[in-house]
Amino acid sequence: EYQHFATSFTTIHAPDIKSQIDRIYGEERYWPEPLIQINPSYKRAIGIRTLVDQGVLAPLCAEIFQSKGTPLLLYKHQEQAIALAQAGESYVVTTGTGSGKSLCFFVPIVHRALIDKRNRGEARTRAIVIYPMNALANSQLEELSKFIDNVPGAPPITFARYTGQEDAEERKRIADNPPDILLTNFMMLELLMTRQDEVDRRV
């Protein structure tokens, strides 16, 4: 079916070219056998609510990191990442698609930001999350928004994207009201640190 679909776009009238193309297609180089993979099942460990009850995470984390009104149940690698972050250690997470890599850093970051806001209330950027591509920053902005919106009323954590997609008004708003978490890309971060633009310097 795929071969028929792929070869249906053009009609070749020249016999010599058609014979060459037919021979190449006949070798089936363009439609290999299907790739079949096993989807791993990740080990569940501990719930966000339990970590809050143990005093590991700030109380609001149970309200933020929930799905359909129930605090999330973490995978083992997420629990390990949170423990390393709480110990002030660096860590690298390598795991499969859909295994919640972003929570490995968002949970510790949000926890720290909540604690810092409670202890030192001034508006300031408490974390910078750097992405390789704008598309990833955009999707992560939506992901973070989904969790923060679980808390009714004023958001307990503020966040903003600063990647070069923002207009002058949004850039000024971010400079005037520093978000707790700034999402950016590596190129924009370099510009923020080296450019002499007044708004960028304030950010």
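Throughout this description, residue numbers start from 1 for each chain and increase along the sequence as written. For a predicted model such as this one, the threshold for reporting local features is a pLDDT of at least 70, and the threshold for listing and counting side-chain atom pairs is 80 or more; totals across whole chains, interfaces and linings nevertheless cover every residue. No hydrogens and no water enter the side-chain calculation; it runs on all heavy atoms of the structure.

Peer 1: Give a description of the packing of helix 6 (residues 101–119) against helix 7 (residues 134–148) that names residues and reports values.
Peer 2: Fitted lines through C-alpha atoms give the axes, limited to the stretch in contact for helices. The angle between two N-to-C directions lies from 0 to 180 degrees. What counts as a helix is a DSSP run of H or I of at least four residues, what counts as a strand is a run of E of at least two, and both are numbered from the N terminus. Viewed as axis vectors pointing N to C, helix 6 and helix 7 meet at an angle of 50°, and their least axial separation amounts to 12 Å. Relative to helix 7, helix 6 is oriented oblique. Seen from above, helix 6 lies across helix 7 with right-handed handedness. From helix 6, Ser 102, Leu 103, Phe 105, Phe 106 and Val 110 reach across to helix 7, where they touch Gln 140, Glu 143, Leu 144 and Phe 147. Residue composition of the contact of helix 6 with helix 7, grouped by class: six nonpolar, two polar and one charged. Roughly parallel means an angle under 35 degrees; roughly antiparallel, over 145; roughly perpendicular, 65 to 115; everything else is oblique. Crossings are classed by handedness, with left-handed meaning an anticlockwise turn of the near helix from the far one by less than a right angle and right-handed meaning a clockwise turn. Contacts are residue-level and defined by heavy atoms, with any inter-residue pair within 4.5 Å sufficient. Under the convention adopted here, Pro, Cys and the residues Ala, Val, Leu, Ile, Met, Phe, Trp and Tyr are nonpolar, Asp, Glu, Lys and Arg are charged, and Gly plus all remaining residues are polar.

Peer 1: Talk me through the nonpolar core; I want residue IDs and the actual numbers.
Peer 2: By size, the foremost hydrophobic cluster in this structure holds 31 residues, and its most contacted members are Ile 48, Leu 57, Cys 61, Ile 64, Phe 65, Val 110 and Ile 181. For this core, the secondary-structure elements that each account for two or more residues are helix 3 (48–53), helix 4 (60–64), helix 6, strand 5 (127–131), helix 7 and strand 7 (181–185). Counting residues per element, this core draws most heavily on helix 6, which supplies seven residues. By convention a nonpolar core is built from buried Ala, Val, Leu, Ile, Met, Phe, Trp, Tyr and Cys residues, the set being connected through side-chain atoms within 4.5 Å. For each residue, the accessible area found with a 1.4 Å probe, counting protein chains only, is set against the maximum for its type, and the residue is called buried under 20%, exposed over 50%, and partly exposed in between. Judged by nonpolar contacts, the second largest core, of eight residues, contains Ala 160, Ile 174, Ala 175 and Leu 182.

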